[in-house]
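Residues per chain are reported as follows:
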Amino acid sequence: MISFKQLVCFLLSLLSFMSVFYSVGKLGIFLATPSRAQPTATQAFPATRAELRAALFPLFFNTIWVVLFVLQHSGMRAERVKRLWKAIGLELAERSLYNIASSYCLLLLLKNWQTPSTQYRLWFFEVETNRTLWWLLVGSHVLSWIVVYGGSLMVDLPELIGLKHVYYDINDLAPPMSYKSRDLQDYYKRYRHPSFVALSVVLWFTNGMTLERCLLAVVWSVYMYLAWNTTEADLKYQKHQLERKRAELVRVTK
């Protein structure tokens, strides 16, 4: 029979699943929506002091939400936080709580994102009148998110969301990570997000790069580069696994 603790953790894992897909979907729409042309052309940066003040306030306001997401994303991975969940009996829901917090920080960012009336753009190209450019923009974002979701499935999405932890505990099994090889466990400690390139595309590939969008792209790109510290051992492990899969495919096709 399922205990009350397991039931609570199971509900949290379901909330984690729904929150992640909803928030990432909202982010995908936010990043992929093409910018519209403004009635009057504007330069890349404010030219007067009044324009500078008008541009800095939303930029500062947006910085708060971007930094909040980064701090939450890193802070909740700390061992002190993991010990806290264990102390209150929610160690099974550690991954779920992490994903829920990340999702709602992301939703707060999207809900409170400030767009000034005058948008200063580093670059802009019209896509509404050019269907080829429009499809290239939207298609690149769709393809990038397919790569991200596909990569999430490959790195064990149920375990990443937190569902597998509860399932294994209900069936009196050891934590799911204990069934993985030591090399894979070490790899997952450093790298759980798929495709740096695909996420960089959705951040930077836009028809209108405003100062606010540039802030988001720069901070998150730097954070991804610093946080995803893949080592030479990780690259060797991936190369070894790729060679094994190729050998298995050769045997199956013979």
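Worth saying up front: this structure is predicted, and the values here are computed from it rather than measured.

Asks: What am I meant to see in the overall build of the protein chain here?
Replies: Each helix and strand in the protein chain was counted, giving eleven helices and two strands. The order of α-helices and β-strands along the protein chain, N terminus first, is α-α-α-α-β-α-α-α-α-α-β-α-α. Summarising its shape, the C-alpha atoms of the protein chain cover approximately 65 × 55 × 30 Å along the three principal directions. Relative to its full complement of 254 residues, the protein chain shows a buried share of 40%.

Asks: Whenever I open this one, the side chain of Ser 144 confuses me. Can you help?
Replies: The topology assignment puts Ser 144 in helix α5 (residues 131-154). Residue Ser 144 is classed as buried on the basis of its relative accessible area, which comes to 7%. Beyond its immediate chain neighbours, meaning those up to four positions away, Ser 144 contacts Ala 198, Val 201 and Val 202.

Asks: Honestly, the side chain of Glu 212 in this entry has me stumped. Any pointers?
Replies: One can find Glu 212 in helix α10 (residues 211-227). Each residue touching Glu 212, except ones within four places of it in the same chain, is listed here: Leu 59, Asn 62, Trp 113, Gln 114 and Pro 116.

Asks: Hey, could you run me through the packing of aromatic side chains in this one?
Replies: When we look at a pair of aromatic rings, we describe it by the centre distance and by the angle of the planes. Tallied over the entire structure, the rule returns nine aromatic pairs. Relative to Trp 65, the ring of Phe 61 lies with its centre 6.1 Å away and its plane at 75°, an arrangement referred to as edge-to-face. One end of the pair, Phe 61, and the other, Trp 65, are both in helix α2 (residues 49-75), four residues apart, so they sit about a helical turn from each other. Accessibility expressed as a relative area gives 17% for Trp 65, which makes it buried. Here Trp 145 and Tyr 149 contribute two aromatic rings whose centre-to-centre distance is 6.5 Å and whose plane-to-plane angle is 45°, an arrangement assigned as tilted. Residue Trp 145 and its partner Tyr 149 are both found in helix α5; the two are separated by four residues, about one turn of the helix. The exposure class of Tyr 149 is partly exposed, given its relative accessible area of 30%. Aromatic rings pair up to connect Phe 17, Phe 21, Trp 145 and Tyr 149 into one cluster. Between Arg 131 and the ring centre of Trp 134, over which it is positioned, the NZ or CZ distance is 4.9 Å.

Asks: What is the right way to look at the pattern of salt bridges in this model?
Replies: Per the counting criterion, the structure on display carries three salt bridges. Across the salt bridge formed by Glu 94 and Lys 82, the nearest N and O atoms sit 4.0 Å from each other. Taken together, the residues span a long stretch of sequence, with Glu 94 in helix α4 (residues 94-111) and Lys 82 in helix α3 (residues 79-87) at a distance of twelve residues. Judged by relative accessible area, Glu 94 falls into the partly exposed class, the value being 23%.

Asks: So what exactly am I meant to see when it comes to the nonpolar core here?
Replies: Grouped burial of nonpolar side chains is what soluble globular proteins tend to show. Core analysis: the largest hydrophobic core is formed by 24 residues, its most contacted members being Leu 27, Leu 109, Leu 199, Leu 216 and Trp 220. Counting residues per element, the ones that place at least two in this core are α1 (4-32), α2, α4, α5, α9 (196-204) and α10. Among the elements that line this core, the one with the most residues is α10, at six residues. If we skip the residues at most four places from it in the chain, Trp 220 touches Leu 27, Val 66, Phe 69, Val 70, Leu 106, Leu 109 and Leu 203.

Asks: Teacher, can you tell me more about the confidence of the model for the protein chain here?
Replies: Reading fine detail from the predicted coordinates is not recommended where pLDDT is low. Per-residue confidence for the protein chain averages 84 on the pLDDT scale, and 93% of its residues sit at or above 70. Least confident of the elements in the protein chain is helix α11 (residues 232-253), whose mean pLDDT is 72; most confident is α4, at 93.

Asks: Honestly, α2 in this entry has me stumped. Any pointers?
Replies: In an α-helix, one turn spans 3.6 residues; hence positions three or four apart end up facing the same way. Its 27 residues place the ends of α2 37 Å apart at the C-alpha level, agreeing with the 39 Å of an ideal helix rising 1.5 Å per residue. Where α2 is buried, its residues meet α4 and α10.

Asks: Just checking my understanding: could you explain the environment of Val 142 for this structure?
Replies: Relative to the elements of secondary structure, Val 142 occurs in helix α5. In this structure Val 142 comes out as partly exposed when scored by relative accessible area, which is 46%. Once the C-alpha coordinates of Val 142 and Val 202 are considered, the two residues, 60 residues apart in sequence, prove to be 8.9 Å apart.

Asks: Whenever I open this one, a nonpolar patch on the surface confuses me. Can you help?
Replies: Together, Ile 2, Leu 7, Phe 10, Leu 11, Leu 14, Leu 15, Phe 17, Met 18, Phe 21, Tyr 104 and Ile 170 line one region of the surface with nonpolar side chains, adding up to about 930 Å² of accessible area. Top contributing element to the nonpolar patch by residue count: α1, with eight residues. Here Leu 15 is to be found in helix α1.

Asks: Just to check I follow, could you spell out the environment of Pro 116 for this structure?
Replies: When you line up the elements, Pro 116 lands in the loop between α4 and β1 (121-124). For Pro 116, a relative accessible area of 13% gives the class buried. For the pair Pro 116 and Phe 57, spaced 59 residues apart in sequence, the C-alpha separation works out to 8.9 Å. Filtering out sequence-adjacent residues up to four positions away, Pro 116 remains in contact with Pro 58 and Glu 212.

Criteria and cut-off values
- Residues numbered from 1 in each chain as written.
- Predicted model: local features only at pLDDT ≥ 70, side-chain atom pairs only at ≥ 80, totals over all residues.
- Heavy atoms only, no water.
- Helix = DSSP H or I, 4+ residues; strand = E, 2+ residues; numbered from the N terminus.
- Buried < 20%, exposed > 50% of the residue type's maximum accessible area, 1.4 Å probe, protein only.
- Contact = heavy atoms within 4.5 Å.
- Phe/Tyr/Trp six-rings, centres within 6.5 Å; stacked < 30°, edge-to-face > 60°.
- Lys NZ or Arg CZ within 6 Å of the ring centre and 35° of its normal.
- Salt bridge = Lys/Arg side-chain N within 4 Å of Asp/Glu carboxyl O.
- Core = buried A, V, L, I, M, F, W, Y, C linked by side-chain atoms within 4.5 Å.
- pLDDT = per-residue confidence, 0-100.
- Expected span 1.5 Å × (residues − 1).
- Patch = residues over 30% accessible without salt bridge, like charges linked within 9 Å, V, L, I, M, F, W, Y side chains within 5 Å.
- Areas by Shrake-Rupley, 256 points an atom, 1.4 Å probe, with all protein chains shown as cover.

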